[in-house]
Amino acid sequence: QVQLAESGGGLVQAGGSLRLSCAASGRISDIIRFNVWGWYRQAPGKQRELVATIAKSANTNYAASVKGRFTISRDNAKNTVYLQMNSLKSEDTAVYYCNVVTTSPYENYWGQGTQVTVSS
């Protein structure tokens, strides 16, 4: 089994920055099968939405609403993924969840979430 632990959430003023971290722990045999990391978010009363992904190839993908402001990155040696959030807006307020998808076999892991609140 794999466990994901998010950190870095908090309260920030609009226009500010925040960096989220997600550290994976578990069996090496599972961790080496990681294929895609992702960040998702869910605001109160709203559906969960994809924010950003980074594949094993290092290819990245972003939601249109965060493109140019957020950056997803990965440190394979630390089994950790990051989400650098700049120019934060009030609409970025949500619980942010870390996700990892593995291959051979396919598995899907989720973190517990970290709250990000942007005030203005």
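Coordinates for the structure precede this section.
Given the structure is predicted, the values throughout are model-derived calculations rather than measurements.

Focus on the side chain of Thr114
Relative to the elements of secondary structure, Thr114 occurs in strand E11 (residues 114-119). From its side chain, Thr114 meets the backbone nitrogen of Gly9 in a polar contact 3.2 Å long. With near-sequence residues (within four places) excluded, Thr114 lies in contact with Glu6, Ser7, Gly8, Gly9, Leu20, Ala94, Val95 and Tyr96.

Some details on the sheet that holds strand E3 (residues 18-26)
As summarised here, the arrangement of the four strands in space is E1-E3-E8-E7, forming an open sheet in which the pairing is antiparallel. Of all the strands in the sheet, just strand E1 (2-7) and strand E7 (70-75) have a single pairing partner and so form its edges. Taking each pair of neighbouring strands and ignoring which way they run, the sheet shows an average axis angle of 15°. Judged from the six bridges that link them, E1 and E3 form a sheet pairing that is antiparallel. Residue Ala5 lies in a different strand from E3, and its bridge partner there is Ala23.

Thoughts on the side chain of Arg69
Residue position: Arg69 is located in the loop between strand E6 (60-62) and E7. The buried category is assigned to Arg69, whose relative accessible area is 11%. Here Ser87 takes part through its backbone oxygen, which lies 3.0 Å from a polar atom of the side chain of Arg69. Excluding anything up to four places from it in sequence, Arg69 contacts Gln84, Met85, Asn86, Ser87, Leu88, Lys89 and Asp92.

Details of the pattern of salt bridges
In total, this model carries five salt bridges according to the counting rule given. With its nearest N and O atoms 2.9 Å apart, the salt bridge here joins Arg33 to Asp30. For Arg33, a relative accessible area of 15% translates into the label buried. Judged by relative accessible area, which is 11%, Asp30 ranks as buried.

Considering the packing of aromatic side chains
The relative placement of two aromatic rings is captured by the distance of their centres and the angle of their planes. Scanning all chains against the criterion turns up two aromatic pairs. With a centroid separation of 5.3 Å and 90° between ring planes, the pair formed by Phe34 and Trp37 is classed as edge-to-face. Judged on exposure class, the residue Phe34 and its partner Trp37 are both buried. Across from the ring centre of Tyr40, 5.4 Å away, lies the NZ or CZ of Arg48, which sits over that ring.

Cut-off values and rules
Residues numbered from 1 in each chain as written. Predicted model: local features only at pLDDT ≥ 70, side-chain atom pairs only at ≥ 80, totals over all residues. Heavy atoms only, no water. Helix = DSSP H or I, 4+ residues; strand = E, 2+ residues; numbered from the N terminus. Polar contact = N/O pair within 3.5 Å; in protein donor to acceptor, adjacent residues only side chain to side chain. Contact = heavy atoms within 4.5 Å. Pairing = 2+ DSSP bridges. Axes fitted to C-alpha atoms, helices over the stretch in contact; angles between N-to-C directions. Buried < 20%, exposed > 50% of the residue type's maximum accessible area, 1.4 Å probe, protein only. Salt bridge = Lys/Arg side-chain N within 4 Å of Asp/Glu carboxyl O. Phe/Tyr/Trp six-rings, centres within 6.5 Å; stacked < 30°, edge-to-face > 60°. Lys NZ or Arg CZ within 6 Å of the ring centre and 35° of its normal.

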